[in-house]
Structure formats: C-alpha cells, structure tokens
Amino acid sequence: MVLFTAHRLAATSTNRWSHPMSTVLIIGSTGQVGRVVVEEAIERGLTVRAQTRNAARARQTLPDGVEVVEASPASPDDLRPLVADVDAVVLTHGGDVDGEGGISFYTTVATLLEALGDSRTHISLMTAMNTSRSSGPSHYGFVEWKRRAERLLRVSGHPYTIVRPGWFDYQGPGDRRIDLRQGDLVTGQPGLDRRHIAQVLLAGATCPSGVRRTVEIFSVAGDPVTDLESLFATTRPDERGALDGVLDTNNVPLGEEPEQVRDDIARFSR
C-alpha cells in the first residue's frame, strides 16, 4: 500500500506536484471502490464531497467528516453545484449492474462534462481493462460504453487520468506494489488491491505525470510504491485530442460507434 499521510501531501504539494488539491468530489462514493477512495482522501486531509442517490444510506456507510450530497449523476442541474468549487472529480460509478448494459456509466460521464463546462477541473475516471478492442471485440455491453466514455473524456480538453483496473481482491498476500501498464493487452485474472486503485485515482489529479494518462493497474509482489509521480513518469501521455489511449491498438473506428456517441464526441471536443 502506498503510504501518504496528509502531512506528506502538504509537504510535497509545493514542489513535486503541479498544484495542491484540497477538495475532491467522488461520484459513486458508496460503491466497492468509491468507499475506498473516500477513505484514502480523508487520510490525506482532503475535503471530500460524496455524491450519492441515497444520502441516508451513504451517511451510514461513509466516514465522519464527509459532505454527503444527494444528486442524480444523470442530471447536469444536480451536478453543477457539486462541481463548482472542487479541484478534482473522481468517478468510480460501476455501470455494469445497472440493468442498462452500461449506458448509465456513459451518461454519467457526458453529464459531468456538461456540468463542468469550460473549467479545468481534473477528472479521474475508473473504467475496466479490455475496454478498447486491443484484445478482441468485447461481448459485454458495459465494456463498450466504458470505451465510449473514455473517448468523450479524452477529446473534452479536461485534464484527466483514466484507470483501467484488474480484478478486485484477487491479489496475493505479498502483492503490495502498484504495477502500471499501458496498451490494454492484459488477459486472465490479474489481481488488484482496491486501495491501489484509490491511490492512483487520487494521485492522477495531483502528480504532473498523471495528467492525460490511460493506464492499466494491478498489484504485484514487492515493496509498496511511495512515489507515484515517479511511477506515472514511466508511462506515456495520450496524444492531445486523441480518441484512444496512446498504446491502444486495433481500436474501434469512430464510424462504428452509435450516432449518439459520434454526436457527443463532436459536441464535447475542445
């Protein structure tokens, strides 16, 4: 586990990091990863605003000191006041069990971009490995919609970090080190500690080398990473305005995407 305390965050924000982050909005805050992001952010001394559809339930599960706000992630009017004064947004909405084949995940990203407008708020977005067509066409609708959401974010002009996690909780007892890869070519069931996902999502918003990155993340044997800036620096940034991750291959032609997606990409392109 990466061990950054709030004191360490404050000490490094003026030199190694591009800017200090004080307030973060977490969309999907009560999910299996969102709750961990909340905990990690609180440990770093950040002000946490947690979006939820059910505030009463969220207050029972989230730590004290979190600002819980009930809002629909599909409503720009609901999200605008939530994003007005935050430094970063972390989106961990699952989208694979919504009964809509994952389209609600895509809708949430499009709604967030509309709510943010021309601001330069950083967005850290959790999707899934095998989201692109690098390892063959997907048989799961929700994966297709996550790819489409990634594409919207890349062309939007917002600073971003896209994190494609491995299999939650399949890591071994000695898998304490974060492993970042690119190219969306990993297969099988590589394990991942959920706290590693949370740490990379948050660090993407503060590490200079975390900006405009699309990374796959896994947990491997070794000592915990204590310098995520250096870890991000080993990766390559996406090309500005590109639809796909810098090392993704065999990508889906834009003409094969639904008309709604093509229209949204044109609308949000900066």
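Conventions used here
Residues numbered from 1 in each chain as written. Predicted model: local features only at pLDDT ≥ 70, side-chain atom pairs only at ≥ 80, totals over all residues. Heavy atoms only, no water. Helix = DSSP H or I, 4+ residues; strand = E, 2+ residues; numbered from the N terminus. Polar contact = N/O pair within 3.5 Å; in protein donor to acceptor, adjacent residues only side chain to side chain. Contact = heavy atoms within 4.5 Å. Salt bridge = Lys/Arg side-chain N within 4 Å of Asp/Glu carboxyl O. Buried < 20%, exposed > 50% of the residue type's maximum accessible area, 1.4 Å probe, protein only. Expected span 1.5 Å × (residues − 1). Pairing = 2+ DSSP bridges. Right-handed = clockwise from strand over helix to strand, strands pointing away. Phe/Tyr/Trp six-rings, centres within 6.5 Å; stacked < 30°, edge-to-face > 60°. Lys NZ or Arg CZ within 6 Å of the ring centre and 35° of its normal.

Engineer: Now, about the side chain of Glu 150: what can you tell me, with residues and values included?
Structural biologist: One can find Glu 150 in helix α6 (residues 141–155). Within the local environment of Glu 150, its side chain forms a polar contact with the side chain of Thr 127, the two groups lying 2.7 Å apart. Look past the residues within four positions of Glu 150 in its chain and what remains in contact with it is Leu 125, Thr 127, Thr 131, Ile 162 and Arg 164.

Engineer: Which residues make up the pattern of salt bridges, and what are the values?
Structural biologist: Two side chains of opposite charge can pair, provided their charged atoms sit close to one another. One pass over the structure, following the stated rule, counts 25 salt bridges. Between Glu 67 and Arg 49 there is a salt bridge, with the nearest N and O atoms lying 3.0 Å from each other. Residue Glu 67 is found in strand β3 (residues 67–70), and its partner Arg 49 is found in strand β2 (residues 47–52); the two are separated by 18 residues along the sequence. Note on Glu 67: relative accessible area 35%, which makes it partly exposed. The salt bridge partner of Arg 154 is Glu 150, with a shortest N-O separation of 2.8 Å.

Engineer: Describe in detail helix α5 (residues 103–116), supporting the description with residues and values.
Structural biologist: Its 14 residues give α5 an end-to-end C-alpha distance of 20 Å, which sits within 8% of 20 Å, the value for a rise of 1.5 Å per residue. Among the 14 residues in α5, 11 count as buried, and that is most of the element. Listed in full, the buried residues belonging to α5 are Ser 104, Phe 105, Tyr 106, Thr 108, Val 109, Ala 110, Thr 111, Leu 112, Leu 113, Ala 115 and Leu 116. Those residues of α5 hidden inside the fold are in contact with β1 (23–27), α4 (76–83), β4 (88–91), β5 (122–126), α6 and α9 (259–268). Backbone geometry just after α5 places Gly 117 at a positive phi near 60 degrees.

Engineer: Give a description of the pairing of β2 that names residues and reports values.
Structural biologist: In terms of burial, β2 is largely enclosed, as five of its six residues are buried. As paired elements, β1 and β2 share five bridges and run parallel to each other. If you follow Thr 23 over to β2, its bridge partner there is Thr 47. With helix α3 (residues 55–61) bridging β2 and its parallel neighbour β3, the resulting β-α-β unit is right-handed.

Engineer: Quick rundown of the side chain of Thr 108? Include the residues and the values.
Structural biologist: Within the fold, Thr 108 resides in helix α5. Assessed through its relative accessible area of 2%, Thr 108 is described here as buried. Once residues within four sequence positions are removed from consideration, Thr 108 is found in contact with Ile 27, Pro 73, Leu 91 and His 93.

Engineer: Quick one: what's the story with the packing of aromatic side chains, residue by residue and with numbers?
Structural biologist: The full count for this structure, using the stated rule, is two aromatic pairs. With a centroid separation of 5.3 Å and 65 degrees between ring planes, the pair formed by Trp 167 and Tyr 170 is classed as edge-to-face. Trp 167 sits in the partly exposed class, given a relative accessible area of 35%. Under the relative-accessibility criterion, Tyr 170 is labelled partly exposed at 47%. The residue whose ring lies beneath Lys 146 is Phe 105, and the NZ or CZ to ring-centre distance is 5.2 Å. The cationic tip of Arg 148 hangs over the ring face of Trp 145; the distance from NZ or CZ to the ring centre is 4.5 Å.

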